[in-house]
Amino acid sequence: MTIPIKNKEGIARMREACAIAATVLDKLKPLVRPGITTQDLEEAGRDWIARLGARSACYGYRGSNRPYPAHTCISVNEEVVHGIPSFRRVLHDGDVVSLDIVVWHNGYVGDNAFTMPVGAVDPTVLKLLRVTREALDLGIREAVVGNRIGDISATIQRYVEGHGFSVVRDMVGHGVGTSMHEPPEIPNFGRKGTGEKIKPGMTLAIEPMVNLGGHRTKILSDGWTCVTADGSPSAHFEHTVLTTENGPEILTVPLAQIPGSVS
Ligand code: MF3
Ligand code: CO
């Protein structure tokens, strides 16, 4: 499968969808504190997506299994990704929570995720968050025209494993555009110099998922929630990135941080 290249119009629409997704994520972050439920975050996310004139790309999404039942993915501690929000899931001091927001706007999809501490968190787990975030930054820097997808993958893997953590193998980053998942797959492991060549106009969701313990994961009986096999905590950071002749550009930037924007 060839990797879609976006034209000017497609890029403009990607910019908007991604800015909306990032704005929603930005609005949820300050709500995270001990005592809140993941359903509270879901409802705030659902309402912000609507207020910004977009639609959740997660709600009703069909993977290989049943339709996803919520507007956001909220994953706590050993949940890697695709945690289903619940009014029974209360956040406690010392937890970490990943917020993953994917929206449709004007025919294009923006995808981003962020993991944050809840109250006072164990220093090793804080380091897991920091290393995963840095791995995302380093991976994005490899999204350079002329490089290959494997350069992103290998860079993320080397950095993460160099800090004694492990990268998830069962889930990967992906192209994103007129649907949530487009070619190419962007694994967080691999070899430099392998995979497809990066060209201008690609929009890539780069998303390291990193475990404190082993890399293995399993899916819970709800058909969605991906958890670490050994129960260790996991972190997830994601940006949608545009490749250009002048280097990678992060598209998932909140509206408030875009010059000339009113929101
Ligand atoms: N960022 C996740 C991904 O790229 C979001 C999945 S939404 C769901 O796969 F609908 F699959 F839950
Ligand atoms: Co994604």
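All of these numbers come straight from a predicted model, not from anything done at the bench. Just so you know, the residues in each chain are numbered from 1, in the order the chain's sequence is written. Chain letters and ligand numbers both follow the written order, the letters beginning at A and the numbers at 1. Only residues with pLDDT of 70 or above have their local features reported here, since the model is predicted, and side-chain atom pairs are shown and tallied only from 80 upward, although totals for entire chains, interfaces and linings are computed over all residues. Only hydrogens and water are removed before side-chain values are computed, so all heavy atoms of the structure are retained for them.

**Describing the overall build of the protein chain**
Inference 1: Numbering of helices and strands runs from the N terminus, with a helix taken as a DSSP run of H or I at least four residues long and a strand as a DSSP run of E at least two residues long. Summing up its helical and strand segments, the protein chain has 4 helices and 15 strands in all.
Inference 2: Two things to know: the radius of gyration comes from C-alpha atoms, and the globule rule equals 2.2 Å times the number of residues to the power 0.38. Relative to the compact-globule value of 18 Å for 263 residues, the protein chain shows a C-alpha radius of gyration of 17 Å, a close match.
Inference 3: Projected onto the principal axes, the alpha-carbon positions of the protein chain cover approximately 45 × 40 × 35 Å.
Inference 4: A contact between two residues is defined here by any heavy atoms of the two lying within 4.5 Å. At a minimum sequence separation of 6, the contacts of the protein chain that also span at least 24 residues come to 70%.
Inference 5: When the accessible surface of the protein chain is totalled, it reaches about 11400 Å², and 51% of it is carbon and sulfur.
Inference 6: Between the centroid of the 27 positive side chains of the protein chain and the centroid of its 29 negative side chains there is a distance of 3 Å. All accessible areas in this document rest on Shrake-Rupley with a 1.4 Å probe, and a residue is counted as covered only by the protein chains that are shown. When charges are counted, Lys and Arg contribute as positive and Asp and Glu as negative, whereas His and the chain ends are disregarded. Lysine's charge is taken at NZ, arginine's at CZ, aspartate's at CG and glutamate's at CD.

**Points about the pairing of strand β5 (residues 108-117)**
Inference 1: Each residue is assigned to one of three classes by its accessible area relative to the maximum for its type, calculated with a 1.4 Å probe on protein chains only: buried under 20%, partly exposed between the two thresholds, exposed over 50%. A large share of β5 lies buried, amounting to 9 of its 10 residues.
Inference 2: By the bridge criterion, 10 bridges tie strand β4 (residues 96-105) to β5 in an arrangement that is antiparallel. Bridge assignment links Val-102 to a residue of β5, and that residue is Asp-111. Should DSSP find at least two bridges between two strands, the strands are regarded as paired.

**Re the side chain of Thr-225**
Inference 1: Tracing the sequence through the fold places Thr-225 in the loop between β11 (217-219) and β12 (226-228).
Inference 2: Among the polar contacts made by the side chain of Thr-225, one reaches the side chain of Asp-222 at a distance of 2.4 Å.
Inference 3: The contact partners of Thr-225, leaving out residues within four places of it in the chain, are Glu-79, Val-81, His-82, Gly-83, Ile-84, Lys-218, Ile-219 and Leu-220. Definition of a polar contact: a pair of N or O atoms within 3.5 Å, with one able to donate and the other able to accept a hydrogen when the atoms are protein atoms, and with sequence-neighbouring residues admitted only if both atoms are side-chain atoms.

**What about the sheet that holds strand β9 (residues 203-206)?**
Inference 1: Within the open sheet, the 5 strands sit side by side as β8-β7-β9-β14-β15. Their pairing is antiparallel. Pairing within the sheet leaves two strands with one partner each, and these edge strands are β8 (182-186) and β15 (247-250). Taken pair by pair, the neighbouring strands of this sheet meet at an average axis angle of 25 degrees, ignoring direction.
Inference 2: Note: strand β7 (residues 173-175) against β8, 3 bridges, orientation antiparallel. Residue pairing across strands places Gly-175 opposite Glu-182, the latter belonging to β8.
Inference 3: In this description, a line fitted to the C-alpha atoms serves as the axis of each element, helices being fitted only across the stretch in contact, and the angle between N-to-C directions of two axes falls anywhere from 0 to 180 degrees. Docked against the sheet, helix α1 (residues 8-28) engages β9, β14 (239-244) and β15, running at close to 155 degrees with respect to β14.
Inference 4: Against the sheet, helix α4 (residues 149-162) contacts β8 and β9, and its axis sits at roughly 35 degrees relative to β8.

**What to know about the pattern of salt bridges**
Inference 1: The term salt bridge refers to a side-chain nitrogen of Lys or Arg lying within 4 Å of a carboxyl oxygen of Asp or Glu. Applying the stated criterion across every chain yields a total of 6 salt bridges.
Inference 2: Note that Arg-13 is salt-bridged to Glu-9, the shortest N-O span being 2.8 Å. One end of the pair is Arg-13 and the other is Glu-9, both in helix α1 and 4 residues apart, which spans about a single turn.
Inference 3: Of the residues examined, Arg-13 reaches a relative accessible area of 29% and is grouped as partly exposed.

**Topic: the packing of α1 against helix α2 (residues 38-51)**
Inference 1: Closest axis-to-axis distance for the α1/α2 pair is 9 Å, and the angle between their directions is 145 degrees. For the pair α1 and α2, the sense of crossing is right-handed. Every residue of α2 that contacts α1 at Val-24, Lys-27 and Leu-28 is listed here: Leu-41, Ala-44, Gly-45, Trp-48 and Ile-49.
Inference 2: Considering only residue class, the contact of α1 with α2 consists of 6 nonpolar, 1 polar and 1 charged. For a crossing to be left-handed, the near helix must be turned anticlockwise from the far one by less than a right angle; the clockwise case is right-handed. Residue classes follow a fixed rule: Ala, Val, Leu, Ile, Met, Phe, Trp, Tyr, Cys and Pro count as nonpolar, while Asp, Glu, Lys and Arg count as charged, and any other residue, Gly among them, counts as polar.

**Section: helix α3 (residues 123-141)**
Inference 1: Taking 1.5 Å per residue, 19 residues should reach 27 Å; α3 reaches 27 Å between its end C-alpha atoms and fits that length.
Inference 2: Of all the positions in α3, only Val-125, Leu-128, Leu-129, Val-131, Thr-132, Ala-135, Leu-136, Gly-139 and Ile-140 are classed as buried.
Inference 3: At the N-terminal end of α3, a side-chain oxygen is found 2.8 Å from the backbone nitrogen of Thr-124, two or three residues along, and the residue is Asp-122. Every helix has an expected span of 1.5 Å times one less than the residues it contains.

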